[in-house]
Structures are given as structure tokens and as C-alpha cells.
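Coordinate analysis (summary)
These are the residues of each chain, in order.
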Amino acid sequence: MSETGPSIRQVSDGRAGNAAQVRAIVAALREPERWAKLSHIAGQGHRDEPLVLSPRAPWIWLPGARWPFPLAALPNQQRDLFQPPWPTLWIAAGRRSAPYTRLVKRLSGGATLAIQMLDPKCDPADFDLVVTPEHDELSGDNVITTVGSPSHFSAEAIAQAKSDFAHLSERKAKTAIVILGGDSKAHRFSDEAATRLINHLRAVSEQDWYLRITTSRRTPASVSEAVRAFATETGSDFWAGPEDGPNPYLGWLLHSDAAIVTEDSANMLCDAAWHGLPVHIARLEGGLLKFDRLHQSLIERDVARWFEGQIESWTYKPLREAGRVADIIIERLLSR
């Protein structure tokens, strides 16, 4: 992709969820039918590898809008990124990356379309485009709001997963993928929450649902152990890392009839919604108003319902926000 068409730099502040959202937008842009619209654009300064910017204190103690000399906050080798040739697209996510998106817009003299994802906690007008979930309640002429997080699974990745996990289609029982998050600033996956969830999972297992359970890097070890024991007891599939074999995440999404997802991760909820699965939101401890708004938004669109030990079946138009955002970016590039 770096030889023809626009050049891209995908940037994050190192948080896995932020980097995943940038990857989703870039993957949607690179789908052949979209990329063909941009093939005439001669890009420079392309980098295949995602960039993780690591500014240091005392800058990170301040709001991004008040950072003096933001380049001085970076290690020497990262400062070299901010010189010509400038990329066609700079797409970054995370509050600590926002000062650098603004800087690239200024230093490139507008040659780079500077896109900031998630609420930058500063004036959206500092960027060419801001992509943020509607539950952040940010508005502006150049703000694109999304329902939840922009997930995307490329046709190539889907074809590979179908090949690698073709054996999953042999199971005729009703199958649900169970996606477990973990502790965060807003939520806590306590042992009590784990016990409640396991009891609910046992109930659906007794209703002849076959469960495929996967954890995340944030899942507490005690919770992972308890759920693994439950999976062994009920004959459910379980994956927590390479020790359990190749990552089956996409294969399980493709071969499931429903999804149960903990409430703490917009990315995981929207991954299931991208596939059009009936999403059942499992409660943890704690919460935050913006997550309440996200959950309510998904429920009002009939994408999700709360999980209380019963799996329901319904249909809705899959949530494909990364593709919608990619189309807007393409329109903006072509108009330039």
C-alpha cells in the first residue's frame, strides 16, 4: 500500500484500545474498493508500522492544549518523525497524541490531513477531522461522531479466519461467544461480578447454548482462573492466551449466533456488533456516565440488551462505523 496511493501514519499513545481504533480506520481505508478511489494520490513519508508516541513528564501532567514545545517531551528518535516528507494522512488516537496531530497539521502547512480520534480535550478546530464516539458529547463542524468504537474486519482477515477455523462450522448447537474485559478506570471485574456472571453463563449452558469464552489482557487472573474452571466443568471452549492455541477471536465471532460481552469495553461491544450478533451486555462493578450513554445508545438501536442469564435472538443492521468514517475521509481527500 505504500507504493501507490496516499501515505499513512497511524499513531497512538500506547493504549491498546486506542491503537485498535486507528487500525480499524486504516483497515477500512485499505479495502480494495476504497483504496482504488485514492490510487492516483502520490503519497510520501509512509510508515507501515504503527507509531506509539511516548511523551514524558511534566508535559503529560498538563492538558494537551497547554503543552509548550511538545517535541521536547518526546525521546530524540521520535522527534525525527516531525519533518518532511509529510504523509497524506496522519491518524492518531489518545489524548497524549493530540498535541502532535495539531503540530503535524501546522508543520506540514496543511499538506497532511490531520485526524484525531477520541475527544482530544482541546478545540476540535485544531485538527482537520476529529472522530469521536457520540457518548463523548463533542460537537463541531469537523467532528465525526460514531456509535461506539469504529471496528473493522477486513475481507482478507475474514477469509483467513474462515480457513483456519473451518472446523467450527461443524457444530450444530446454538453457539455464543463470551468476551471478557477487565478492570479499568470506570469498571472493576471483581470476584463477586465473576461469580454472578458464571452463574448466568451456567444458566444459558443448561439452556443448550454452547459457549466459547475469551479473556483480555485486563481480565484479572483470579477471574480468568474461575472462568477457565467453569469452561472445563461445562465443556465450553476457553482461550486466554497462546498457551491455549492460536487466537480464535475472529473465528469465534464468525461462527457464533450471539455474543455476551462485559460492559467495560466499547471496542469489544462494537466488534460483536460489526458482525450483527445479538449483543448481551454483562454487568461488572462501577461505571461511568459516558459508558451509560454508550450502553443506552446500543440498546436504543436494538444492537444490545442487558444479560441476565438468558440469551435472546434478534436481527439488526450490523454496526460498520469504521467503513462510514473511511468513506468520509476519502471524500475529504478527494475534495482537496
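All of the points below concern the structure found in this document.

What counts and how
Residues numbered from 1 in each chain as written. Predicted model: local features only at pLDDT ≥ 70, side-chain atom pairs only at ≥ 80, totals over all residues. Heavy atoms only, no water. Buried < 20%, exposed > 50% of the residue type's maximum accessible area, 1.4 Å probe, protein only. Helix = DSSP H or I, 4+ residues; strand = E, 2+ residues; numbered from the N terminus. Pairing = 2+ DSSP bridges. Axes fitted to C-alpha atoms, helices over the stretch in contact; angles between N-to-C directions. Contact = heavy atoms within 4.5 Å. Salt bridge = Lys/Arg side-chain N within 4 Å of Asp/Glu carboxyl O. Expected span 1.5 Å × (residues − 1).

Next up on the list: the pairing of strand 1 (residues 8-12). Summarising burial for strand 1: five of the five residues are buried, a large majority. Going residue by residue along strand 1, you find Ile8, Gln10 and Ser12 tucked away on one face and Arg9 and Val11 tucked away on the opposite face as well. Both strand 1 and strand 2 (residues 51-52) contribute to a ladder of two bridges, which runs parallel. From the neighbouring strand, Ser12 faces strand 2, where its bridge partner is Val52.

This next bit is on the sheet that holds strand 12 (residues 279-282). Adjacent strands of a sheet pair through backbone hydrogen bonds, lying either parallel or antiparallel. Strand order across the open sheet formed by six strands is 10-9-7-11-12-14, with parallel pairing between neighbours. Where the open sheet ends on each side, the last strands, each with one partner, are strand 10 (237-239) and strand 14 (304-306). Taken pair by pair, the neighbouring strands of this sheet meet at an average axis angle of 20 degrees, ignoring direction. Strands in contact with helix 10 (residues 289-300) are strand 12 and strand 14; relative to strand 14, the strand with the most contacts, it is inclined by about 115 degrees.

For the structure on display, the rule yields 17 salt bridges. For Arg228, the salt bridge is made with Glu243, and the minimal N-O distance between the two is 4.0 Å. Placement of Arg228 in helix 7 (residues 221-234) and of Glu243 in the loop between strand 10 and helix 8 (249-254) is noted, with a sequence separation of 15 residues between them. Classification of Arg228 as partly exposed rests on a relative accessible area of 31%. Its salt-bridge partner being Arg305, residue Asp302 comes within 3.3 Å of it at the nearest N-O pair. In this structure Asp302 comes out as partly exposed when scored by relative accessible area, which is 30%. What makes Arg305 partly exposed here is its relative accessible area of 24%. Members of the salt-bridge network, linked through shared partners, are Arg228, Glu243 and Asp244.

Okay, helix 11 (residues 321-335) next. Its 15 residues give helix 11 an end-to-end C-alpha distance of 21 Å, which sits within 8% of 21 Å, the value for a rise of 1.5 Å per residue. Among the residues of helix 11, Glu321, Ala322, Gly323, Val325, Ala326, Ile329, Ile330 and Leu333 are the ones counted as buried. Considering only its buried residues, helix 11 is in contact with helix 1 (16-29), helix 2 (32-35), strand 3 (89-93), strand 4 (113-117), strand 5 (129-133) and strand 6 (143-146).

Read these as spatial facts, not as claims about activity.
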